[in-house]
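Structure at a glance
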Amino acid sequence: MAMPISCSAFRRTALVLALVTGGMPAFAQESTNQSATQIASNQPVGEVVLIPNRVIYPGQTIELTALKQVILIAGKHKPDGVVTRAEELDGKVAKRTLLPGRYIPSTAIRVAWLVEQGASVQVFFIAGGLTISATAVTLQPGAAGDLVKVRNIDSGKILSGTVMADGTIQVSAS
């Protein structure tokens, strides 16, 4: 026969489960289109943060339309390691599910890949006036400036190179 769970034990378990699976809830109120002086006259102003207004799934690009600006309740502060500025979020990709009304940890986002794994790319070796180019397949994804491994299609040799802003890979002499 099942034992009844006390109400406080149930609440504790639910809180632990929510914190583990969804991160910390943002204790905030929605900011409206009020000016800063109107907000100051109505209530003490807290920190302004951005939180998702809908579920953002892993691999999805974060758009500003998917975020909501809120003001933290007076006396509440955002935890460390939380991204709150639009410039830090716009165009980034979610590494895990971001839930509405929750803070966005900086570890839950990444820059968008410039080259995807398995994509065909141009590889360049440049030394002085000599330029050698080849076609290769990426063995891992990468953003501009990342060091990635590629496999030369003709020789099968695996090379390491830097992803350039135009999506090509530049290798150096080893």
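Residues numbered from 1 in each chain as written. Predicted model: local features only at pLDDT ≥ 70, side-chain atom pairs only at ≥ 80, totals over all residues. Heavy atoms only, no water.

A separate point is the overall build of the protein. When helices and strands are tallied, the protein shows 3 helices and 12 strands. Per-residue burial over the protein gives 26% buried out of 174 residues. Looking at the protein alone, contacts between residues at least 24 apart form 48% of all its contacts between residues at least 6 apart. Total accessible area on the protein is roughly 11,100 Å²; 57% of this is exposed by carbon and sulfur atoms. (Helix = DSSP H or I, 4+ residues; strand = E, 2+ residues; numbered from the N terminus. Buried < 20%, exposed > 50% of the residue type's maximum accessible area, 1.4 Å probe, protein only. Contact = heavy atoms within 4.5 Å. Areas by Shrake-Rupley, 256 points an atom, 1.4 Å probe, with all protein chains shown as cover.)

Relative to the elements of secondary structure, Thr-84 occurs in the loop between strand 4 (82-83) and helix 3 (86-89). Look past the residues within four positions of Thr-84 in its chain and what remains in contact with it is Val-48, Val-49, Leu-50 and Lys-78.

A regular strand places its side chains on the two faces of the sheet in alternate fashion. As paired elements, strand 8 (residues 120-127) and strand 9 (residues 130-138) share 8 bridges and run antiparallel to each other. Considered in strand 9, the bridge of Val-121 is made with Ala-136. In textbook terms, the turn of a hairpin is the stretch between consecutive antiparallel strands, and for strand 8 and strand 9 this stretch comprises 2 residues, one of which, Gly-128, has a positive phi near 65°. Here strand 9 runs beside strand 10 (residues 147-152); their pairing, made up of 3 bridges, is antiparallel. Its bridge partner lying in strand 10, Thr-138 is registered against Val-150. (Pairing = 2+ DSSP bridges.)

Grouped burial of nonpolar side chains is what soluble globular proteins tend to show. Of all hydrophobic cores here, the largest spans 12 residues; its members are Leu-50, Ile-56, Ile-62, Ala-66, Leu-67, Val-83, Leu-89, Ala-94, Leu-98, Ile-104, Ala-108 and Ile-109. Every residue in contact with Leu-50, bar those within four places of it in the chain, is listed here: Leu-67, Lys-68, Gln-69, Val-83, Thr-84, Arg-85, Ala-86, Leu-89 and Ile-104. Formed by 9 residues, the second largest nonpolar core is a distinct cluster that contains Val-115, Val-121, Val-163 and Ile-169. (Core = buried A, V, L, I, M, F, W, Y, C linked by side-chain atoms within 4.5 Å.)

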